[in-house]
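# Descriptive structure summary
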Amino acid sequence: MGSRHRMGHVPDLRLGVHPDLLAKIDRVLAAMTIVGHPMRIVQGVRTAEAQHALWLQGRELPGRRVTNADGYQRKSNHQVKADGFGWAVDCCFTTGEPFGETQPWDLYGLLGKTVGLVWGGDWKKPDWDHLEMKNWKSYSEN
Ligand SMILES: [Zn+2]
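The model shown is predicted, which means the values in this text are computed figures rather than measured ones.

The next thing to look at is the overall build of the protein. Check the secondary structure of the protein and you find four helices and four strands. Counted from the first residue to the last, the protein has its helices and strands arranged as α-β-α-β-α-β-β-α. A burial count over the protein gives 26% of its 142 residues as buried. Residue pairs at least 24 apart in sequence account for 57% of intrachain contacts in the protein once pairs closer than 6 positions are excluded.

Structure follows, in structure tokens:
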């Protein structure tokens, strides 16, 4: 991995995300655009360091708790798996409030499930913007 970080350089959020997941996400995003609620990817692969920083939020750092995965003992599906790919993507809306509560998250989740993904909005602690692939272990053995 090269470190060609420049000021203002926009990172490629698709980098390292499983190609099958990207193909599914593209179908979801295309459908959301057609129904008038365009979205974009805001988070693809997350490093262990970045995951840990997120975990510290609401614990040793101010803010609300957003994750139970500390990045090391417990990994997020945004982190690279044994197959070398990230298995989760977060999206937000590009019109109105990016993460607004009144945005049609249920529609996004429904479309995600329609293409065979797991939607974070169905979890006990809902993660509306999150979509991930199912059963990565069995999937990668196939
Ligand atoms: Zn996520």
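On to the sheet that holds strand 2 (residues 88-93). A sheet is described by the order of its strands in space; here four strands give the open sequence 1-2-4-3, paired in antiparallel fashion. In the strand order of this sheet, the two ends are held by strand 1 (39-43) and strand 3 (118-119), each with one partner. Pairing analysis gives four bridges linking strand 1 to strand 2, with the strands arranged antiparallel. Within strand 2, the residue paired with Arg 40 across the bridge is Cys 92.

A few words on the nonpolar core. Formed by 20 residues in total, the largest nonpolar core has its most connected members in Val 89 and Tyr 108. Val 89 has contacts with Val 17, Leu 21, Ile 25, Ile 41, Gln 43, Gly 44 and Leu 131, leaving out every residue within four places of it along the chain.

At 3.6 residues per turn, the α-helix brings residues three or four places apart onto the same side. Here helix 3 (residues 105-114) has its buried residues at Trp 105, Tyr 108, Gly 109, Leu 111 and Gly 112. Across the axial projection of helix 3, the buried residues extend over an arc of 165°, all falling on one side. Opposite its buried face, helix 3 presents the exposed residues Asp 106 and Thr 114, each directed more than 90 degrees away. Lining the buried residues of helix 3 we find helix 1 (19-34), strand 1, strand 2, strand 3 and strand 4 (130-132).

Moving on, we come to the environment of Leu 54. Note that Leu 54 resides in helix 2 (residues 48-56). Between the C-alpha atoms of Leu 54 and Thr 67, which are 13 residues apart in sequence, the distance is 7.0 Å. Excluding residues that lie within four positions of it along the chain, Leu 54 makes contacts with Val 66 and Thr 67.

Viewed as axis vectors pointing N to C, helix 1 and helix 3 meet at an angle of 140°, and their least axial separation amounts to 9 Å. Between helix 1 and helix 3, the angle is such that the two are oblique. The two elements helix 1 and helix 3 cross, and the hand of that crossing is right-handed. Here Val 28, Ala 31 and Met 32 of helix 1 come into contact with helix 3, specifically with Tyr 108, Leu 111 and Gly 112. Looking at side-chain class alone, the contact of helix 1 with helix 3 contains five nonpolar, one polar and no charged residues.

Conventions used here
- Residues numbered from 1 in each chain as written.
- Predicted model: local features only at pLDDT ≥ 70, side-chain atom pairs only at ≥ 80, totals over all residues.
- Helix = DSSP H or I, 4+ residues; strand = E, 2+ residues; numbered from the N terminus.
- Buried ≥ 20, exposed ≤ 12 C-beta atoms within 10 Å, placed from the backbone.
- Contact = placed C-beta atoms within 7 Å.
- Pairing = 2+ DSSP bridges.
- Core = buried A, V, L, I, M, F, W, Y, C linked by C-beta atoms within 7 Å.
- Arc of directions from axis to C-beta.
- Axes fitted to C-alpha atoms, helices over the stretch in contact; angles between N-to-C directions.
- Parallel < 35°, antiparallel > 145°, perpendicular 65-115°, else oblique.
- Left-handed = near helix turned anticlockwise from the far one by under 90°.
- Nonpolar A, V, L, I, M, F, W, Y, C, P; charged D, E, K, R; others polar.

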